[in-house]
Amino acid sequence: MPRTPTPQQGADSPQRYWSGTLGHAGQRSAQILLVLILAAVTVYGLLQITLVVIPVLLALILAAAISPFVNWLRRKGWPSALATGVSFLLLLAAFGGLITGIIFAIRSEWSSLVDQAVEGFNELYRLLKDSPIPMDSDTIENARDAAIGFATSSTAGSGALAGIGAATNFVTGFLLMAVVLFYFLKDGDKIWAFFLRWFHGERLEKARLSGARAMEVLGGYVRGTAIVAAVDSICIGAALFILQVPLALPLSVIIFVGSFIPLVGATAAGVLAALIALVANGPLVALIVVIVIIAVNQLEGNFLQPVVMGRTLSIHALVILLALTAGTILAGIVGAILSVPIAAVSWAIIKVWTGEDDGDPDDVAELPESEDSEAADAASGAAGTRSGDAGAGEGKA
């Protein structure tokens with residue numbers, strides 16, 4: 001007997017407009033738009049509280065970098081509080097000393113760096129203009145004027161040392177980062193277990209593995225980038241000292257800081273060093289500096305990055321470039337530094353939730369158990385015991 005269509009299944013039902021290929025495409029498009037709107041609102045909201053967001057992100061990254069040392073001290077028999085306190089003080093002293101050294105090394109020579117950079121731009125312009133290769137003089141002159149205008153502007157001079165000028169924000173952010181870092185080192189397992197309370201079953205296991213991968217990627221990225229930056233700074237700085245290029249120390253510091261910005265940071269700092277060498281030592285020394293920079297970059301790309309980073313930064317260079325550009329637009333230099341590790345962590349988490357990274361049992365076993373999951377396991381065990389007793393009673397009956 002044929003069934004009569006219900007009102008919901010009639011020809012004029014709204015559901016028919018969402019059926020078929022076009023209807024499914026419309027649903028997916030609406031979902032994507034909602035996700036993009038939510039992401040845009042989230043990013044906009046976070047940009048309004050950068051004084052909180054950036055210290056928390058820096059504290060999380062530093063905690064991921066130092067956590068293996070804390071765990072090593074605990075395995076050696078140190079009390080948890082003592083291991084945390086010693087690691088926190090050592091990291092804070094190293095980080096504070098590094099920032100202070102960078103600021104004073106660059107600040108004392110900033111005016112000389114700007115003057116030498118301007119002279120380097122002018123010298124390069126003259127060489128290109130007098131070269132036998134046909135070039136558009138107007139294009140070269142406009143590029144030179146734009147570069148010199150940026151280098152000599154008050155924006156460049158103050159922007160490079162914005163953290164020093166905004167002393168209140170800098171001190172506030174540093175103190176907040178120190179406090180958050182201490183609690184991350186001390187109670188990181190408990191904090192993560194609190195966020196796992198809303199996950200159960202397979203999702204709980206994936207959330208645990210996501211946390212393990214995030215800490216692994218962040219810690220590996222920071223340690224690896226610091227090693228690569230130190231090698232770049234030492235090698236290029238030694239070449240600058242040997243070639244007697246002026247301002248070799250601040251240039252080495254700039255190369256170290258620039259190496260934390262993938263793809264372009266170290267190269268841009270090397271170009272600055274080559275320009276200063278061109279002015280002070282002539283084209284031959286500048287060419288040698290360029291050769292040294294290229295050799296160090298090849299060493300970094302073909303040996304240091306694969307060995308030191310491993311699978312930490314297993315994302316394509318195009319993704320790195322796009323993340324770098326987006327981070328720079330949103331948050332300037334700090335965004336450029338933080339964008340790549342955030343992109344790497346996001347990719348690692350995506351691989352976990354899509355099933356591409358199932359993880360090892362040891363990875364999940366080392367993660368903290370959430371309180372709710374422990375209670376749920378105990379409740380399920382108790383329920384299983386009661387059902388077993390009830391089944392036994394029915395069998396006896």
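For the structure itself, consult the block above.
Residues numbered from 1 in each chain as written. Predicted model: local features only at pLDDT ≥ 70, side-chain atom pairs only at ≥ 80, totals over all residues. Heavy atoms only, no water.

A. The arrangement of the overall build of the protein in detail. What the protein contains, in helices and strands, is 15 helices and 0 strands. Across the protein, contacts joining residues at least 24 apart in sequence account for 74% of those joining residues at least 6 apart. Surface accessibility of the protein: about 23,600 Å² in total, with carbon and sulfur atoms responsible for 68%. (Helix = DSSP H or I, 4+ residues; strand = E, 2+ residues; numbered from the N terminus. Contact = heavy atoms within 4.5 Å. Areas by Shrake-Rupley, 256 points an atom, 1.4 Å probe, with all protein chains shown as cover.)

B. Focus on the pattern of salt bridges. Tallying each qualifying case throughout the model produces 4 salt bridges. A salt bridge links Glu 202 to Lys 206, with the shortest nitrogen-to-oxygen separation between them at 3.7 Å. One end of the pair is Glu 202 and the other is Lys 206, both in helix H9 (residues 201-242) and 4 residues apart, which spans about a single turn. (Salt bridge = Lys/Arg side-chain N within 4 Å of Asp/Glu carboxyl O.)

C. Here's a closer look at helix H13 (residues 317-353). With 37 residues, H13 should cover 54 Å at 1.5 Å per step; its first-to-last C-alpha distance of 23 Å lies more than 12% under that length. A maximum bend of about 150° is found in H13 at Ala 331. One or two positions beyond H13, positive phi appears at Gly 355, with a value near 85°. (Expected span 1.5 Å × (residues − 1). Bend = angle between axes of the 7 residues up to and from the residue.)

D. Representation of the nonpolar core within the structure. Ile 236, Leu 240, Val 245, Ala 277 and Val 289 are the most contacted members of the largest nonpolar core, which totals 25 residues. Mapped onto this core, the elements with two or more residues apiece are helix H3 (80-107), H9, helix H10 (248-258), helix H11 (265-281) and helix H12 (283-309). Residues in contact with Val 245, not counting those within four places in the same chain, are Leu 240, Ile 276, Ala 277, Asn 281, Val 285 and Val 289. Judged by nonpolar contacts, the second largest core, of 20 residues, contains Leu 218, Tyr 221, Val 222 and Ala 348. (Core = buried A, V, L, I, M, F, W, Y, C linked by side-chain atoms within 4.5 Å. Buried < 20%, exposed > 50% of the residue type's maximum accessible area, 1.4 Å probe, protein only.)

E. Inspection of the packing of H9 against H13 at higher detail. At a closest axis distance of 9 Å, the pairing of H9 and H13 adopts a crossing angle of 150°. Here H9 lies roughly antiparallel to H13, going by the angle between them. Where H9 crosses over H13, the handedness of that crossing is right-handed. Residue-level contacts link Arg 203, Lys 206, Ala 207, Leu 209, Ser 210, Arg 213, Ala 214, Val 217, Leu 218 and Tyr 221 of H9 to Ile 337, Val 340, Pro 341, Ala 344, Val 345, Ala 348, Ile 349, Val 352 and Trp 353 of H13. Per-class residue counts for the contact of H9 with H13 are 15 nonpolar, 1 polar and 3 charged. (Axes fitted to C-alpha atoms, helices over the stretch in contact; angles between N-to-C directions. Parallel < 35°, antiparallel > 145°, perpendicular 65-115°, else oblique. Left-handed = near helix turned anticlockwise from the far one by under 90°. Nonpolar A, V, L, I, M, F, W, Y, C, P; charged D, E, K, R; others polar.)

F. The packing of aromatic side chains, seen in detail. In the structure shown here, the tally under the stated rule is 7 aromatic pairs. A ring pair is formed by Phe 88 and Phe 182, whose centres lie 5.4 Å apart and whose planes are at 75°; its orientation type is edge-to-face. Linking Phe 88 in helix H3 with Phe 182 in helix H8 (residues 167-195), this pair joins segments that are 94 residues apart in sequence. Taking relative accessible area as the criterion, Phe 182 reaches 28% and is therefore assigned partly exposed. Between Phe 199 and Trp 353, the aromatic rings sit 6.4 Å apart at their centres with planes inclined by 50°, giving tilted as the arrangement. Taken together, the residues Phe 199 in the loop between H8 and H9 and Trp 353 in helix H13 connect sequence positions 154 residues apart. On the basis of relative accessible area, Phe 199 is assigned to the partly exposed category, the value being 28%. Taken together, the ring pairs connect Phe 88, Phe 182 and Tyr 183 into an aromatic cluster. The residue whose ring lies beneath Arg 197 is Trp 198, and the NZ or CZ to ring-centre distance is 5.9 Å. (Phe/Tyr/Trp six-rings, centres within 6.5 Å; stacked < 30°, edge-to-face > 60°. Lys NZ or Arg CZ within 6 Å of the ring centre and 35° of its normal.)

G. Representation of the environment of Ile 227 in the model. Structurally, the position occupied by Ile 227 is in helix H9. Among the residues examined, Ile 227 registers a relative accessible area of 43% and is labelled partly exposed. C-alpha of Ile 227 to C-alpha of Phe 256: the two residues are 29 residues apart in sequence and 9.8 Å apart in space.

H. Molecular detail of unusual backbone geometry. Backbone geometry places Gln 244, a non-glycine residue, at a positive phi of 60°. Along the polypeptide, Gln 244 turns up in the loop between H9 and H10.

I. The packing of H10 against H11, seen in detail. Across the interface, H10 lies against H11 with an axial gap of 7 Å and an inter-helix angle of 160°. Comparing their axes, H11 and H10 come out roughly antiparallel. The handedness of the crossing between H10 and H11 comes out as right-handed. Here Leu 251, Ile 254, Ile 255 and Gly 258 of H10 lie close against H11, whose contacting residues are Gly 265, Ala 266, Ala 269, Leu 272, Ala 273 and Ile 276.

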